[in-house]
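Coordinate inspection notes
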Amino acid sequence: MNRRVVALFLGILFGLLLYRALPFIEVMIAAKPKPVTPRGDLMALEKSNIAIFEHAKPSVVYISTLQRVVDFWNMNVWEVPRGTGSGFVWDEFGHIVTNYHVIEGASEAVVTLSNGLGYKARLVGADPSHDLAVLKIDPVPGVMKPVIIGDSSELKVGQIVYAIGNPFGLDWTMTMGIISALNRVISEDSGAKIKGAIQTDAAINPGNSGGPLLDSAGRVIGVNTAIYSPSGASAGIGFAIPINMVNKVVSSIIAYGRYVRPDLGIVSDDRINELLHRRFHIDGVVVLGVKPHSIAAALGLKPTIIYPDGSVVFGDIIVSIDGKRVQSYEDLEEALQKHATGDIVEIGILHDGKMITKRVQL
């Protein structure tokens, strides 16, 4: 009987101890690291994304700018941080492409490469009308990797694209999307309009400006420049300058320190042009002036004369560029922008009431 009582007592005691110790046992079991579940191979799209990023990262740079300010109390000059942006290595000579608005108003720019080191840059030149600028640093062998570029005239809506940059100072960030539309017109703060822009839903945020927009082959097809967003953050509508335009502008800036626009050397005004169109039912761009030593001067183009009494003596009228009709000076500029300095173009001219064509080198 005593043994039974003792056994019962010990059983109850053991049960109570086990009950009190159960939470600690559970903790000890749960505290062990969970085993890793092995996964299969990465998806083909994932592999492609990783390869594109790894290939492009050495070409993308982080740009921080400083601005000189004057303390009017003691007239000391200080350099304060102004902003950040992105850019990419254009060639092996140390040229860096970015947006003009990234470096606008800055007194100094520092370019950080993929090795994490910053290098002081100098400004080669800029073109605010296309929101592009070129910086230069001393070449860093083995670190700087020039980008490869594509052909923006071959792009199609629906293509996969990648934006790489430094949004909000978070360096080397990649986002993915598609081309949502082509040939958009975007207005810059300077008042300039960039035509032919690429619209994408790849997330582009402040700090992405100046970074590359890549296609699925890892080629640069545009330079990220702006977003449409009421909040200032990405809303799925971003824009990039097409690489064909970038290639033309950047090459000119490197060569001349500025963008040399293809030009015929005429003076015209769309408001006057429209009035003459309505009054005399004419088509084309009315030449109102000829710049000295220009193509127009070499061709002997005659300007239209408008007298104070409203009478008009017509000179030459440009009606086409390479067979494509132009109705306004804006049309003429747009047609010329498709060419580079040195290209040969065919100009259709209404001269003394007769249609003639001239082949000239821009």
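Residues numbered from 1 in each chain as written. Predicted model: local features only at pLDDT ≥ 70, side-chain atom pairs only at ≥ 80, totals over all residues. Heavy atoms only, no water.

1. Some remarks on the overall build of the protein chain
For clarity, the threshold we go by: Elements are defined by DSSP. Helices are runs of H or I of four residues or more, strands are runs of E of two residues or more, and each kind is numbered from the N terminus. Throughout this description, buried means an accessible area under 20% of the type-specific maximum (1.4 Å probe, protein chains only), exposed means over 50%, and partly exposed covers the range between. Any two residues whose heavy atoms approach within 4.5 Å are treated as being in contact. In this description, accessible areas are obtained by the Shrake-Rupley approach with a 1.4 Å probe, and a residue is regarded as covered only by the protein chains that are shown.
Broken down by element type, the protein chain carries seven helices and 21 strands. Expressed as a percentage of the 362 residues in the protein chain, the buried residues total 40%. Nonlocal contacts in the protein chain, meaning residues at least 24 apart in sequence, comprise 59% of its contacts between residues at least 6 apart. Approximately 20,400 Å² of the protein chain is accessible, and the part contributed by carbon and sulfur atoms is 59%.

2. Quick notes on the side chain of serine 129
The criterion, for reference: Identification of polar contacts relies on pairs of N or O atoms within 3.5 Å, with a donor-acceptor requirement for protein atoms, meaning one able to donate a hydrogen and the other able to accept it, and with residues adjacent in sequence counted only if both atoms are side-chain atoms.
Within the element layout of this structure, serine 129 appears in the loop between strand S5 (118–127) and strand S6 (132–136). Judged by relative accessible area, serine 129 falls into the buried class, the value being 18%. In this structure the side chain of serine 129 is engaged in a polar contact, spanning 3.4 Å, whose partner is the side chain of histidine 130. At 2.6 Å, the side chain of serine 129 forms a polar contact with the side chain of arginine 261.

3. Focus: the side chain of aspartate 316
The condition that has to hold: Charge counting follows a simple rule: Lys and Arg are positive, Asp and Glu are negative, and His as well as the terminal groups are ignored. Salt bridges are defined as contacts in which a side-chain nitrogen from Lys or Arg sits within 4 Å of a carboxyl oxygen from Asp or Glu.
Tracing the backbone shows aspartate 316 in the loop between strand S17 (312–313) and strand S18 (317–321). Lysine 302 provides the closest opposite charge to the buried, unpaired aspartate 316, separated from it by 6.7 Å. There is a polar contact of 2.6 Å between the side chain of aspartate 316 and the backbone nitrogen of lysine 302. Within the local environment of aspartate 316, its side chain forms a polar contact with the side chain of histidine 351, the two groups lying 2.5 Å apart. Excluding anything up to four places from it in sequence, aspartate 316 contacts Val285, Val286, Val287, Gly300, Leu301, Lys302, Ile349, Leu350, His351 and Asp352.

4. Remarks on the nonpolar core
Where we set the bar: Residues belong to a common nonpolar core when they are buried Ala, Val, Leu, Ile, Met, Phe, Trp, Tyr or Cys residues joined through side-chain atoms within 4.5 Å.
Ranked by internal contacts, the top residues of the largest apolar core, which has 29 residues, are Phe88, Trp90, Leu214 and Val246. Listing elements by their share of this core, those giving two or more residues are helix H2 (44–56), S6, strand S7 (160–165), strand S9 (193–200), strand S11 (220–227), strand S12 (238–242) and helix H4 (243–256). With near-sequence residues (within four places) excluded, leucine 214 lies in contact with Ile52, Ala56, Ile160, Val161, Tyr162, Ile164, Arg219, Val220 and Ile221. By size, the runner-up hydrophobic cluster in this structure holds 19 residues, among which are Ile295, Ile318, Ile321 and Tyr329.

5. Considerations on the environment of isoleucine 186
Mapped onto the secondary structure, isoleucine 186 falls in strand S8 (residues 173–187). A relative accessible area of 6% places isoleucine 186 in the buried class. For the pair isoleucine 186 and isoleucine 241, spaced 55 residues apart in sequence, the C-alpha to C-alpha distance is 9.5 Å.

6. A closer look at the packing of aromatic side chains
The condition that has to hold: Note on ring pairs: Phe, Tyr and Trp rings are taken, using the six-membered ring of Trp, and paired if centres are within 6.5 Å. Classes follow the plane angle, with under 30 degrees stacked, over 60 edge-to-face and the rest tilted. We count a charge as sitting over a ring when the NZ of a lysine or the CZ of an arginine lies within 6 Å of the ring centre and within 35 degrees of the ring normal.
In the structure shown here, the tally under the stated rule is two aromatic pairs. Pairing phenylalanine 88 with tryptophan 90 gives two aromatic rings, centres 6.4 Å apart and planes at 45 degrees, and the pair type is tilted. No difference in accessibility class separates phenylalanine 88 from tryptophan 90, as the two residues are buried. Plain terms: the ring middles of phenylalanine 280 and phenylalanine 314 are 5.1 Å apart, the flat faces sit at 90 degrees to each other, and that makes the pair edge-to-face. In this pair, phenylalanine 280 sits in helix H5 (residues 270–280) while phenylalanine 314 sits in the loop between S17 and S18, placing the two residues 34 residues apart along the sequence. The ring of tryptophan 172 has lysine 57 lying over it, and the distance from NZ or CZ to the ring centre is 5.8 Å.

7. Observations regarding H4
Filter applied, for reference: Multiply 1.5 Å by the residue count of a helix minus one, and that product is the helix's expected span.
The end-to-end C-alpha distance of H4 is 19 Å, a good match for the 20 Å that 14 residues give at a rise of 1.5 Å each. Turning to H4, its buried residues number three or more, namely Ile243, Met245, Val246, Lys248, Val249, Val250, Ser252 and Ile253. Of the residues one or two after H4, glycine 257 is the one with positive phi, at around 80 degrees.

8. Description of the pattern of salt bridges
Per the counting criterion, the structure on display carries nine salt bridges. For glutamate 330, the salt bridge is made with lysine 195, and the minimal N-O distance between the two is 2.7 Å. Of this pair, glutamate 330 sits in helix H7 (residues 329–337) while lysine 195 sits in strand S9, placing them 135 residues apart in sequence. For lysine 291, the salt bridge identified is with aspartate 263, shortest N-O distance 3.5 Å. One end of the pair, lysine 291, is in the loop between strand S15 (289–290) and helix H6 (295–299); the other, aspartate 263, is in the loop between H4 and strand S13 (266–267), and 28 residues separate them in sequence. On the basis of relative accessible area, aspartate 263 is assigned to the partly exposed category, the value being 31%. The structure contains a network of salt bridges with shared partners spanning Lys195, Glu330 and Glu334.

9. Points about the pairing of strand S10 (residues 212–215)
A regular strand carries its side chains on alternate faces of the sheet. Keep this limit in mind: At least two bridges found by DSSP between two strands are what make those strands a pair.
Of the two faces of S10, the one lined by Pro212 and Leu214 and the one lined by Leu213 and Asp215 are each fully buried. Summarising the sheet, S7 and S10 pair through three bridges and their orientation is antiparallel. Each bridged residue has a counterpart across the sheet, and for tyrosine 162 the counterpart in S10 is leucine 214.

10. Some remarks on unusual backbone geometry
Located in the positive-phi region is aspartate 131, a residue other than glycine, with phi close to 55 degrees. For aspartate 131, the position within the fold is in the loop between S5 and S6.

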